[in-house]
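One-letter residues, chain by chain:
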Amino acid sequence: MRFRHPDGSTVHLAYCTNVHPAETLDGVLAQLRDHCEPVRRRLGRDRLGIGLWLAKDAAHALVSDPSALRGLRTELDRRGLEVVTLNGFPYEGFGAEEVKYRVYKPDWADPERLDHTTALARVLAGLLPDDVTQGSISTLPLAWRTRYDDGRAETARTALITLAERLDALQELTGRDVRVGLEPEPGCTVETTADAIAPLTAVGHDRIGICIDTCHLATSFEDPHTALDALAEARLPVVKSQLSAALHAEHPHLPEVREALASFDEPRFLHQTRTATAAGLRGTDDLGEALKGEALPDASPWRAHFHVPLHAAPAAPLTSTLPVLKAALTQLVGGPHPLTRHLEVETYTWQALPAELRPRARSQLADGIAAELTLARDLLTDLGLKELP
């Protein structure tokens, strides 16, 4: 979906396909047929943006076989789909029964991460629509915190500098400007936007910036205006933004709230949980840990890293952080010029919701994704953007 900003530039809205597990190129092609095109049809649009997630094997197949890449581009066109952004965070196994900490491997101190991201950039340059010259890739925020020391930090910095050089060469070769954004996430070396400033400044290249995930932003109790102003002052580009909402519990000390939260404690994904106290931010690596005894202070609200559907906040006594998303979006694209032109709805946890909230059929999932995109579209038009055909 494309929108015209009042300044005349085009803002792209997509949804991320990591909600549809696929590790191979054949699986990606099936996603387009079984999920993405049905979502487009529900929206009544001739064209729908998708943020592709390409696992290691799928990316390798595309970058090593030009005919396969051309075939994917042809299939996108045939189904009324377009790609300007990729989700480069998960490397493989994102559809496994248990993902948890595995999603943070390999990190930016491992050569596989640089190789994979380079491959994704080459693929994206071949998938961009003919009238689009800039693409974006979101990636791991350096590493999960427990494996990261000064030596690995320097290796990661060097890898990102090498990536920037490769992106420069890619533009010279193809005319396509591909940029990569570190995506701050609770529990990682770069947990907040503030944490991103020093390492990104050390890299010192405008093709390496930040991806703002509004669920992560909210989980860490960051104020969107403060965060984005600090990035602007540091002259760090917002490469893309993932529009998402976290789980919010206003009164976590109440038994009924604990019971409601427990229904979101599931085995596949990590649901980092945070609370803001007078002494600073406190947290646990997973929701289940927070619910055990006194692992987390409960005098103030809790937020959990659980991407809840944008249009369907959980029932009381829980809610979502949609207001944080709205505040961030206002600053991202509501000003005289957009801070980013790539927006992506990323709700990959549909099948991890409590059983009574999960879609029971493929058609219900398509309905839900279409509803999320409709909400995002309405937020953009309310900010003065005009939807394009």
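Details of the structure are given in the entry above.
This write-up is about the structure you can find in this document. (Residues numbered from 1 in each chain as written. Predicted model: local features only at pLDDT ≥ 70, side-chain atom pairs only at ≥ 80, totals over all residues. Heavy atoms only, no water.)

## Concerning the side chain of R79
Right, so step 1: Tracing the sequence through the fold places R79 in the loop between α3 (66-78) and β4 (81-87).
Right, so step 2: For R79, the contacting residues outside a window of four places in its chain are L32, R33, E37 and R40. (Helix = DSSP H or I, 4+ residues; strand = E, 2+ residues; numbered from the N terminus. Contact = heavy atoms within 4.5 Å.)

## Brief notes about the packing of helix α8 (residues 224-233) against helix α11 (residues 322-333)
Right, so step 1: Across the interface, α8 lies against α11 with an axial gap of 9 Å and an inter-helix angle of 35 degrees. Where α8 crosses over α11, the handedness of that crossing is right-handed. For the pair α8 and α11, the contacting residues are P224, H225, L228 and D229 in the first and V324, A327, A328, Q331 and L332 in the second.
Right, so step 2: The class makeup of the residues in the contact of α8 with α11 is 6 nonpolar, 2 polar and 1 charged. (Axes fitted to C-alpha atoms, helices over the stretch in contact; angles between N-to-C directions. Left-handed = near helix turned anticlockwise from the far one by under 90°. Nonpolar A, V, L, I, M, F, W, Y, C, P; charged D, E, K, R; others polar.)

## What about the sheet that holds strand β12 (residues 302-308)?
Right, so step 1: As summarised here, the arrangement of the 5 strands in space is β11-β10-β12-β9-β13, forming an open sheet in which the pairing is antiparallel. Two strands in the sheet have a free side with no partner beyond their single neighbour: β11 (280-284) and β13 (318-320). Across the sheet, the mean angle separating the axes of adjacent strands is 30 degrees when strand polarity is ignored.
Right, so step 2: Inspection of the sheet shows strand β10 (residues 273-277) paired to β11 by 5 bridges, in the antiparallel sense. Bridge assignment links R274 to a residue of β11, and that residue is G283. (Pairing = 2+ DSSP bridges.)

## What about the pairing of β10?
Look at any regular strand and the pattern is simple: side chains alternate between the two faces of the sheet.
Right, so step 1: Remark: 2 residues form the turn of the hairpin made by β10 and β11, two consecutive strands paired antiparallel.
Right, so step 2: Where β10 and β12 come together, 3 bridges link them in antiparallel fashion. Bridge assignment links T275 to a residue of β12, and that residue is W302.

## Some details on the side chain of H271
Right, so step 1: For H271, the position within the fold is in the loop between α9 (255-262) and β10.
Right, so step 2: Of the residues examined, H271 reaches a relative accessible area of 0% and is grouped as buried.
Right, so step 3: Side-chain polar atoms of H271 contact the backbone oxygen of F269, separated by 3.4 Å.
Right, so step 4: Those residues within four positions of H271 in sequence are excluded, and the remaining contacts are F264, E266, D285, D286, L287, H305, F306 and T349. (Buried < 20%, exposed > 50% of the residue type's maximum accessible area, 1.4 Å probe, protein only. Polar contact = N/O pair within 3.5 Å; in protein donor to acceptor, adjacent residues only side chain to side chain.)

## Some points on the environment of E185
Right, so step 1: With respect to the secondary-structure elements, E185 resides in the loop between β6 (177-182) and α6 (193-203).
Right, so step 2: Measuring from C-alpha to C-alpha, the distance between E185 and E165 comes to 26 Å, with 20 residues separating the pair along the chain.
Right, so step 3: Setting aside its immediate chain neighbours within four residues, E185 contacts F89, Y104, P141, V190, E191, H216, Q272 and H305.

## Section: the state of the cysteines
Right, so step 1: As enumerated under the stated definition, the model contains 0 disulfides in all.
Right, so step 2: This cysteine, C36, is not joined by any disulfide, and C16 carries the nearest cysteine sulfur, 9.9 Å off.
Right, so step 3: A relative accessible area of 0% places C36 in the buried class.
Right, so step 4: Free cysteine: C211, not disulfide-bonded; nearest cysteine sulfur from C16 at 9.7 Å.
Right, so step 5: Assessed through its relative accessible area of 0%, C211 is described here as buried. (Disulfide = S-S within 2.5 Å.)

## A word on the packing of aromatic side chains
Right, so step 1: Counting across every chain of the model gives 8 aromatic pairs.
Right, so step 2: Geometrically, the ring pair formed by F94 and Y348 is edge-to-face, given 5.2 Å between the ring centres and 65 degrees between the ring planes. In this pair, F94 sits in the loop between β4 and α4 (111-127) while Y348 sits in the loop between β14 (342-345) and α12 (362-382), placing the two residues 254 residues apart along the sequence. Considered together, F94 and Y348 belong to a single accessibility category, that of buried residues.
Right, so step 3: Each ring, one from Y101 and one from W144, has its centre 5.3 Å from the other, and the planes form 80 degrees; the classification is edge-to-face. With Y101 in the loop between β4 and α4 and W144 in the loop between β5 (134-139) and α5 (150-174), this pair connects stretches of sequence that are 43 residues apart.
Right, so step 4: Given the relative accessible area of 35%, Y101 is considered partly exposed.
Right, so step 5: Exposure remark for W144: the relative accessible area of 7% places this residue in the buried category.
Right, so step 6: Counting every residue linked through ring pairs, the aromatic cluster contains W53, F94, F269 and Y348.
Right, so step 7: Residue placement shows R303 over the ring face of F221; its charged tip is 4.4 Å from the ring centre. (Phe/Tyr/Trp six-rings, centres within 6.5 Å; stacked < 30°, edge-to-face > 60°. Lys NZ or Arg CZ within 6 Å of the ring centre and 35° of its normal.)

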